[in-house]
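# Examining the three-dimensional arrangement
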Amino acid sequence: MKKKLSTILLIMVACVGVATAQTRGALRINEIMVQNENSVVDDYGCRSAWVELFNSSYAPLEISSVYITNNKDVLNVSDAQERKKMMYAVPLGDVNTKMPKRQHVIFWADGQPTRGTFHTNFTLTPGQDNWVGIFDASGLNVIDSITVPASLLANTTYARAIDGKDNETNPALTWEVRDNLTPTSYITPSSNNIITDSNTKVETFKTQDENGFAMTIMAMCIVFSALLLLCVCFFVISKIGERISKRNKAKSHGTSVSELSRSEHSDHDSGEEIAAIVMALHEHLDAHDQENTILTINKVKKAYSPWSSKIYGLREVPRR
Amino acid sequence: MTEFFISNLQDFWHLTGFYNATWEHFVMLAVGLFFIWLAIKKDFEPMLLVPIGFGMLIGNIPFNTEAGLEIGIYEEGSVLNILYNGVSAGWYPPLIFLGIGAMTDFSALIANPKLMLIGAAAQFGIFGAYMVALLLGFEPDQAGAIAIIGGADGPTAIFLSSKLAPNLMGAIAVSAYSYMALVPVIQPPIMRLFTTKKERLIKMKPARAVSQNEKIIFPIIGLLLTCFVVPSGIPLLGMLFFGNLLRECGVTTRLAKTASNALTDIVTILLGMTVGASTQASQFLTAETIGIFALGFMAFIIASSSGVLFVKLFNLFLPKSKKINPLIGNAGVSAVPMSARISNNLGLEYDPSNYLLMHAMGPNVSGVIGSAVAAGVLLGFLA
């Protein structure tokens with residue numbers, strides 16, 4: 001039995017391991033510049049193409065051992081080791097690869113990985129479609145990918161309209177070209193594509209639910225449904241419990257459930273009736289009239305714990 | 001040499017409380033002393049008002065904020081600031097909920113699950129106050145933080161206000177705990193107002209015995225169901241049900257005892273003291289605070305009334321033998337176990353053999369769950 005339980009436990013631990021390995025799924029490609037002539041420069045004062053990644057989760061994200069590539073052929077290679085050789089691996093051991101929640105990091109696509117963690121081994125080519133993909137540590141699963149169109153001009157970027165998000169109603173609007181010409185089309189390396197100065201949720205409620213009526217109805221419905229669910233669930237559980245206890249009782253009496261329920265009244269063991277019988281007996285027998293003089297000694301059993309044992313105490317606790 | 005003495009003593013004089021004091025400091029110190037007096041002399045929620053009151057004294061002793069002494073509660077790195085992190089980051093309230101879970105017996109609720117709906121109805125106090133707060137000109141997030149006072153649950157109020165309106169947290173916490181202490185004064189007139197003598201005499205059937213298995217299943221199912229509906233309530237509901245599982249599973253008695261005694265006491269001390277210390281004059285002595293106290297009072301009244309009225313409405317659909325005494329409706333606000341005791345006392349006043357305590361404990365503990373769910377809803381909508 002113990003062996004079986006240990007096996008189940010091991011399988012469950014393995015499942016937990018697999019589940020936690022997938023947490024890098026929050027990483028998103030957020031903005032890409034293919035031809036950089038007058039935009040941001042790297043630590044070496046050079047302008048080159050760049051790929052901005054975004055941690056879309058609200059938890060820090062370690063991106064070391066994530067793979068980045070512009071080589072779409074990796075998708076045709078099934079062997080993980082072969083795939084990894086074709087991609088740029090974000091190296092281990094750099095504290096900067098731990099991305100804080102909802103933050104960005106830029107990778108320079110300059111083909112010079114010796115310049116540091118954030119310089120990839122590939123470059124992007126202007127005038128043609130550029131596919132960029134990021135893969136998890138296994139090298140097999142694509143976390144995110146995007147094809148930057150060949151029509152993208154120099155000093156413009158291909159960026160998500162909303163940081164880290166897909167436009168689910170119209171996927172064609174997820175990505176847009178940014179050229180720095182209008183306030184809504186700023187190129188924003190290492191910062192949010194949409195800069196917000198207020199809580200949009202609060203603003204929405206402020207404008208669309210001025211008197212709080214909608215909030216009240218929605219919230220009360222949610223509170224009621226949560227507790228109603230619990231109520232229904234426990235109603236069912238109590239019925240099942242009742243049936244099981246009746247069946248067990250019938251089994252111990254050597255009779256059937258229907259016979260047992262016929263023979264006993266449901267209110268027979270109500271607490272009130274038992275209390276009334278006890279009170280009547282007490283009055284009738286006039287028991288314990290000398291109660292004040294009765295000394296009762298009960299053995300009190302205390303659970304031993306080495307954490308609270310007095311023998312390990314340095315001195316006795318002073319008592320008044 | 002004399003000059004050296006004089007200049008140093010002058011510098012020291014500039015650091016003292018006497019030099020830096022303003023009339024606002026003295027008002028806040030007086031409020032703190034008043035809370036301590038209420039707690040010690042009038043026995044009003046002493047476990048909370050003593051730490052809060054003393055915290056107010058600690059937090060409002062004037063000092064030179066430009067001296068870089070790192071002693072103020074809002075100065076990063078100060079001891080008080082480190083302790084205050086539990087409030088500002090919101091991890092004290094879930095720890096208190098762990099203790100509440102370990103102390104609470106949900107048997108009354110499990111035995112009669114329909115009583116859970118009373119706990120839900122009483123949450124109307126929160127959203128009624130939310131609407132009025134909006135009318136008074138508060139922003140939606142501030143209104144949500146203030147309205148949670150109607151849940152009559154101090155830790156929940158602190159948790160939500162720390163997330164939605166940190167600048168109002170001191171006033172909200174003090175208001176929530178003050179009204180919880182005033183439950184015996186606020187609720188009985190409302191209960192009398194909305195019930196007839198006949199209704200007050202309704203005798204409810206004794207609750208059935210609940211098996212150990214049901215008690216163990218309750219926190220697990222409760223967590224899964226409520227948190228799947230409102231994931232933003234996980235910190236509070238998760239800890240509440242976890243504490244309850246520790247209590248009921250029978251194999252973690254020591255952990256349950258620690259959670260319900262030592263841990264709760266430690267966190268209560270730290271929470272009360274730091275909340276008190278955070279009530280600085282500049283943020284506390286404002287017109288907004290008066291508004292918060294008025295709204296809190298109103299939220300309590302709406303919550304208690306809606307609980308009682310919901311029972312009356314519910315009774316219309318119940319057979320005569322299963323009618324619920326509306327006097328337990330007020331217990332839908334959490335304030336455990338004070339509001340349940342009030343139901344019991346009022347019931348006994350009209351019929352000395354009508355003990356309502358166990359029946360009232362059902363809506364009372366469901367009020368705790370309900371207010372945590374409501375806090376989760378507000379957090380989900382407004383954070």
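Everything that follows concerns the structure shown earlier in this document.
Residues numbered from 1 in each chain as written. Chains lettered and ligands numbered in written order. Predicted model: local features only at pLDDT ≥ 70, side-chain atom pairs only at ≥ 80, totals over all residues. Heavy atoms only, no water.

## Concerning the pairing of strand β9 (residues 142-148) of chain A
Residue and element names in this part refer to chain A.
- For strand β8 (residues 130-135) and β9, the ladder comprises 6 bridges, and the chain directions are antiparallel. Among the inter-strand pairings, Phe135 is bridged to a residue of β9, identified as Val142.
- The antiparallel hairpin formed by β8 and β9 contains 6 residues in its connecting segment, where Gly139 sits at a positive phi of about 80°. (Pairing = 2+ DSSP bridges. Helix = DSSP H or I, 4+ residues; strand = E, 2+ residues; numbered from the N terminus.)

## What about the interface of chain A and chain B?
- Counting from both sides, the interface comprises 33 residues of chain A and, opposite them, 41 residues of chain B.
- Together, the buried faces of chain A and chain B total about 3,300 Å²; carbon and sulfur atoms form 80% of this surface.
- Looking only at chain A, the three residues that lose the most surface to chain B are Leu227, Leu230 and Phe234 of chain A, adding up to 19% of its buried area.
- The interface formed by chain A and chain B holds 1 salt bridge in total.
- Counting across the chain A and chain B interface gives 3 residue pairs in polar contact (both at pLDDT 80 or more).
- Residue assignment for the side of chain A that touches chain B shows that the elements contributing at least two residues are α3 (200-208) and α4 (213-253) of chain A.
- The dominant element in the side of chain A that touches chain B, judged by the number of residues it contributes, is α4 of chain A, at 21 residues.
- The residue makeup of the side of chain A that touches chain B, split by class, is 21 nonpolar, 6 polar and 6 charged. (Contact = heavy atoms within 4.5 Å. Buried area = accessible area lost by both parts, 1.4 Å probe. Salt bridge = Lys/Arg side-chain N within 4 Å of Asp/Glu carboxyl O. Polar contact = N/O pair within 3.5 Å; in protein donor to acceptor, adjacent residues only side chain to side chain. Nonpolar A, V, L, I, M, F, W, Y, C, P; charged D, E, K, R; others polar.)

## A few points about a positive patch on the surface
- A cluster of basic side chains, namely Lys239, Arg243 and Lys246 of chain A together with Lys205 and Lys322 of chain B, defines a positive patch on the protein surface.
- Mapped onto the elements of the fold, Lys239 of chain A is located in helix α4. (Patch = residues over 30% accessible without salt bridge, like charges linked within 9 Å, V, L, I, M, F, W, Y side chains within 5 Å. Areas by Shrake-Rupley, 256 points an atom, 1.4 Å probe, with all protein chains shown as cover. Lys, Arg positive; Asp, Glu negative; His and termini not counted. Charge placed at Lys NZ, Arg CZ, Asp CG, Glu CD.)

## Regarding the sheet that holds strand β4 (residues 67-69) of chain A
- Spatially, β5-β4-β8-β9 (chain A) is the arrangement adopted by the 4 strands of the open sheet, whose pairing is antiparallel. Single-partner strands in this sheet number two, and they are β5 (88-89) and β9 of chain A.

## Concerning the sheet that holds strand β2 (residues 49-55) of chain A
Residues and elements named next belong to chain A.
- Ordered in space as β7-β2-β1-β10-β11, the 5 strands form an open sheet in which the pairing is antiparallel. Of all strands in the sheet, those with a lone pairing partner are β7 (104-109) and β11 (175-178), marking the two edges. Strand-to-strand twist across the sheet, computed as the mean angle between neighbouring axes with direction ignored, equals 30°.
- Judged from the 3 bridges that link them, strand β1 (residues 27-33) and strand β10 (residues 157-160) form a sheet pairing that is antiparallel. Counted as the bridge partner of Glu31 is Ala159 from β10. (Axes fitted to C-alpha atoms, helices over the stretch in contact; angles between N-to-C directions.)

## Quick word on the environment of Ala207 of chain B
All names here are of chain B.
- Examined against the element boundaries, Ala207 turns out to sit in the loop between α14 (197-200) and α15 (212-229).
- Taking the C-alpha atoms as reference points, Ala207 and Ile110, 97 residues apart in sequence, are found 9.4 Å from one another.
- Aside from chain neighbours lying at most four places away, what touches Ala207 is Ala111 and His359.

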